[in-house]
Amino acid sequence: MAVDTRGTMHMRGEPGPGVPVSIHAEGTVLRLDAGPEAIGQWDVASIGIQSLHDGFAIRAEGEEFVLKTEDDVGLAEEIGIMTASPRLARKVAAAHPPEERPEPEPEPERPKSAIGAIVFALGGVLVLSGGFFLRESPTLSAAERTASEGLSAGGRYWFAFVVGGLLMMAVAVILALGLRSARAAAVITLIGLIVVFALAAQDASSDGDFLFAYGFIAAGIVVGVAVLFGGSVAELD
C-alpha cells in the first residue's frame, strides 16, 4: 500500500527548516516533490537510507540530505527500513500494539461423582431397616408399635428412626443434585439421629432383637458420618 505524506528536506549540515516536500513511497520506490517540481525518484535499494533520531538520512546521487516526515512509521514500513533508531522503533511498536491473547477456554467441569450420595442413601436404608426391626420386636406391644409411641422411649423410638432413615435418603438426592444446602441438611439429619440413638441407648434392652435393630441403626449413622466427613460429599459441593 502506497504512503503519501508531507515533510521537509535539507542538505545535511545546512541550517534552516528545510524545503517543504511531498513524499510518495510505494514498495521500494521513494519519490520527493517540491510543489509541481520533482526532486527525485529512487529505488531504496540503490541509495543509502537510515533512520535518525528525527527523520531519515538519505544519500543519493552523491548528495546527502535529511528528510523529516509527518509519518515516519508509515514510510519506514513501506520502504522496508529494517534498522530503525530507538525512537522510530518505539513509534513502530506503538503503532502496532500486540494483539490481546484470547483468554484460555475454561476447562470442562468434571462430572460430579454420585458415589457419596449413593453411600449416604445406603446408610439411610440401614437406619430405616433398624427402625422397622425395632417395631417388629416381639417385646413391643401393639400399642407401642403405633407411630405416636414410636417417637418415645416406650416404643424405643422406632418411628423416629424410620423417619430419620427416610430423611437420609432424601438428603442423598439433594447431595446427588449438588445443591448448596446439601451438606447442612446432611449434618442436621445426622445430629438428630445421633441424639435419638443416644436416648434409645440409655434404656437399651439386652434382648437380641433390639441389639440387632440398634446395630443396623448404628451402622447407618456411621456410614452417613463417614460419607459426610470423608471427602465424598466435597466433590458434590
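A brief structural summary. This structure is a prediction, so every number in the text was calculated from the model and none was measured.

Some thoughts on helix H5 (residues 182-202)
Across its 21 residues, H5 extends 31 Å between first and last C-alpha, which sits within 8% of the 30 Å expected from 1.5 Å per residue. Considered for burial, the residues of H5 that qualify are Ala182, Ala186, Thr189, Leu190, Leu193, Val196 and Ala200. Across the axial projection of H5, the buried residues extend over an arc of 130°, all falling on one side. Of the exposed residues in H5, the ones pointing more than 90 degrees away from its buried face are Ile188 and Gln202.

Focus: the sheet that holds strand S7 (residues 63-69)
With antiparallel pairing, the seven strands of this open sheet are ordered in space as S4-S3-S2-S1-S7-S6-S5. Edge positions in the open sheet fall to strand S4 (37-43) and strand S5 (48-51), since each of these has one partner strand only. For this sheet the average axis-to-axis angle between neighbouring strands, irrespective of direction, equals 30°. Along the sheet face, helix H1 (residues 72-79) touches strand S1 (3-11), strand S2 (19-26), strand S3 (29-34), S5, strand S6 (56-60) and S7 and points at about 40° away from the line of S2.

Description of the packing of aromatic side chains
As enumerated under the stated definition, the model contains seven aromatic pairs in all. Judged by centre distance (5.5 Å) and plane angle (75°), the rings of Trp158 and Phe159 are edge-to-face. Of the residues examined, Trp158 reaches a relative accessible area of 5% and is grouped as buried. Judged by its relative accessible area of 27%, Phe159 falls in the partly exposed class. Taking the centre distance of 6.5 Å and the plane angle of 70° together, the rings of Phe161 and Phe197 count as edge-to-face. Placement of the pair is Phe161 in helix H4 (residues 158-177) and Phe197 in helix H5, with a sequence separation of 36 residues. What makes Phe161 buried here is its relative accessible area of 0%. Over the aromatic face of Trp158 sits the side chain of Arg135, whose NZ or CZ is 5.2 Å from the ring centroid.

What counts as what
Residues numbered from 1 in each chain as written. Predicted model: local features only at pLDDT ≥ 70, side-chain atom pairs only at ≥ 80, totals over all residues. Heavy atoms only, no water. Helix = DSSP H or I, 4+ residues; strand = E, 2+ residues; numbered from the N terminus. Expected span 1.5 Å × (residues − 1). Buried < 20%, exposed > 50% of the residue type's maximum accessible area, 1.4 Å probe, protein only. Arc of directions from axis to C-beta. Pairing = 2+ DSSP bridges. Axes fitted to C-alpha atoms, helices over the stretch in contact; angles between N-to-C directions. Contact = heavy atoms within 4.5 Å. Phe/Tyr/Trp six-rings, centres within 6.5 Å; stacked < 30°, edge-to-face > 60°. Lys NZ or Arg CZ within 6 Å of the ring centre and 35° of its normal.

By themselves, these are just geometric observations and shouldn't be taken as functional.
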